[in-house]
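Examining the three-dimensional arrangement
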Amino acid sequence: MTTTDNKKDGILSAAGVSYVIPFILITSCFALWGFANDITNPMVKAFSKIFRMSVTDGALVQMAFYGGYFAMAFPAAIFIQKFSYKAGVMLGLGLYAIGAFMFYPSMLIGSYYPFLIAYFVLTCGLSFLETSCNPYIMTMGSAETATRRLNFAQCFNPMGSLMGMYVAMNFIQNRLDPRSTAERALLSDSEFAAVRDSDLNILIGPYLAIGLVIAVMLVVIFIVKMPKNGDTNHEVTFAATIRRIVSIPHYREGVIAQFFYVGVQIMCWTFIIQYGTRVFVAEGMAEQDAEVLSQQYNIIAMVLFCSSRFICTYMLKFINAGKLLASLAVVGALLTIGVITFQDRTGMYCLIGISACMSLMFPTIYGIALEGLGDDAKFGAAGLIMAILGGSVLPPVQASIIDQKTVWGMPAENISFILPFICFVVIVIYGVRTYNRTK
């Protein structure tokens, strides 16, 4: 944070103060939670195989993961209001590291549920991070460029996601025992235990490594002087603030839209593995090879997501945010229809294309919802992070459909994407209402 001679406000400066260094450090956190999000999505399939469970049971990973976001959002907001954004970031990193390190004792226990506890602790940390970092980034420059600045910072989130996907594919999925789910079901108890323990030993390695990275990041942010923007009012007026912000239509509706957006994102990125595995196995591929190829398609989707976010962030300079949001949601809904109706690789191509449409949505909904909230943005941010509960609630519903194998004479994997279609319709409505309000 340095003072500049040029007093003109910009995307990373305001009142002659440059926020480049703090912006880089906080933006790094976006990549770190992106890593956690997308190393976790393939684990639904991995845990289902390792512990010989249904897809629905495996989806408890997502329930624990995004349940942590929900549970800790408002406690995080109260903590940030009482102390500072920097304190919130540091506590978030600390919980993230603790949750990652908990994978080791979970592996020693050899049971599924300790891993769910570890995921929950880890994402309590992510809840602190997202509740702190998103509104913090919005203060690091002029108010007029806040939504663009948040979109720019969020561009680095999918870079972390790409790394998470790459690590999941090459350091977990490729190294797990190659036996299929059906073959594992035939193992004796002792044989199953040996395979399970070997697989868990492989699975925990990346989590322990990221725990060390997070610990280093915590020390760096502790040392560096950070701006105190938005940290002047430490009075906690929880009930009055909540009543005030929920009375604002664009905020209230933004929380609803964010719930459905996070739901559609997690469903598309989690169940692309099941969808692709069905398609590729039908072509004659072995199950593990089909899973790895599906993850490769998932990485392509994330590259498209990342590229599209940079493009859409630039387009926001010229196009109304609500109009662009609604347009992308319409295209996403149409592609989802393709995912449902096509039963070959064409459906996979449609599913990949959806990622390009989703790229703009989270930070844009977030920025629109927080417009004009001022110091209430800390609690407003908590409500939007609680909306991440959509990633906990909706994937198990989709998993329960997939477990039916066939629905209405079609593969259940295809029919299950009716849920993402509904989510896109909700986002279209929010985008249109935003455009009508701001045009």
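Everything here concerns the structure above.
Now for a quick tour of the structure. (Residues numbered from 1 in each chain as written. Predicted model: local features only at pLDDT ≥ 70, side-chain atom pairs only at ≥ 80, totals over all residues. Heavy atoms only, no water.)

What follows deals with the overall build of the protein chain. Secondary structure assignment for the protein chain yields 22 helices and five strands. At 21 Å, the protein chain has a C-alpha radius of gyration in line with the 22 Å of a compact globule built from 439 residues. With the principal axes as the frame, the protein chain shows a C-alpha extent of 70 × 45 × 40 Å. Counting all 439 residues of the protein chain, 60% fall into the buried class. (Helix = DSSP H or I, 4+ residues; strand = E, 2+ residues; numbered from the N terminus. Rg over C-alpha atoms; globule rule 2.2 N^0.38 Å. Buried < 20%, exposed > 50% of the residue type's maximum accessible area, 1.4 Å probe, protein only.)

Take helix 14 (residues 272–282) next. Most of helix 14 sits out of view: nine of its 11 residues are buried. Taken residue by residue, helix 14 has Ile272, Ile273, Gln274, Tyr275, Gly276, Thr277, Arg278, Val279 and Phe280 as its buried positions.

By size, the foremost hydrophobic cluster in this structure holds 140 residues, and its most contacted members are Phe47, Tyr96 and Tyr261. The element that contributes the greatest number of residues to this core is helix 7 (residues 112–138), accounting for 12 residues. Not counting residues within four places of it along the chain, the set of residues in contact with Tyr261 comprises Phe305, Met358, Met361, Phe362, Ile365 and Ile427. (Core = buried A, V, L, I, M, F, W, Y, C linked by side-chain atoms within 4.5 Å. Contact = heavy atoms within 4.5 Å.)

Attention now moves to the pattern of salt bridges. Within this structure, the stated rule accounts for nine salt bridges. The salt bridge involving Glu291 is made with Lys45; its shortest N-O contact spans 3.7 Å. Of the two residues, Glu291 is situated in helix 15 (residues 287–315) and Lys45 in helix 2 (residues 43–50); the sequence distance between them amounts to 246 residues. The class for Lys45 is buried, based on a relative accessible area of 15%. With a closest N to O distance of 3.0 Å, Arg179 and Asp177 form a salt bridge. (Salt bridge = Lys/Arg side-chain N within 4 Å of Asp/Glu carboxyl O.)

Within this structure, the stated rule accounts for zero disulfides. Left without a disulfide partner, Cys306 is nearest to the cysteine sulfur of Cys155, which lies 6.8 Å away. Counting only cysteine sulfurs, Cys357 is the nearest neighbor of Cys350, a cysteine outside any disulfide, at a range of 10 Å. With relative accessibility at 12%, the residue Cys350 sits in the buried group. (Disulfide = S-S within 2.5 Å.)

Let's shift gears to the side chain of Lys49. In this fold, Lys49 is placed in helix 2. When its relative accessible area of 4% is taken as the criterion, Lys49 is described as buried. Apart from residues lying up to four places away in sequence, Lys49 is in contact with Asp177, Arg179, Thr181, Arg184, Glu287 and Glu291.

On the surface, Val20, Ile21 and Ile24 cluster together into a nonpolar patch covering about 250 Å² of accessible area. Structurally, Ile21 can be placed in helix 1 (residues 20–40). Of the residues examined, Ile21 reaches a relative accessible area of 47% and is grouped as partly exposed. (Patch = residues over 30% accessible without salt bridge, like charges linked within 9 Å, V, L, I, M, F, W, Y side chains within 5 Å. Areas by Shrake-Rupley, 256 points an atom, 1.4 Å probe, with all protein chains shown as cover.)

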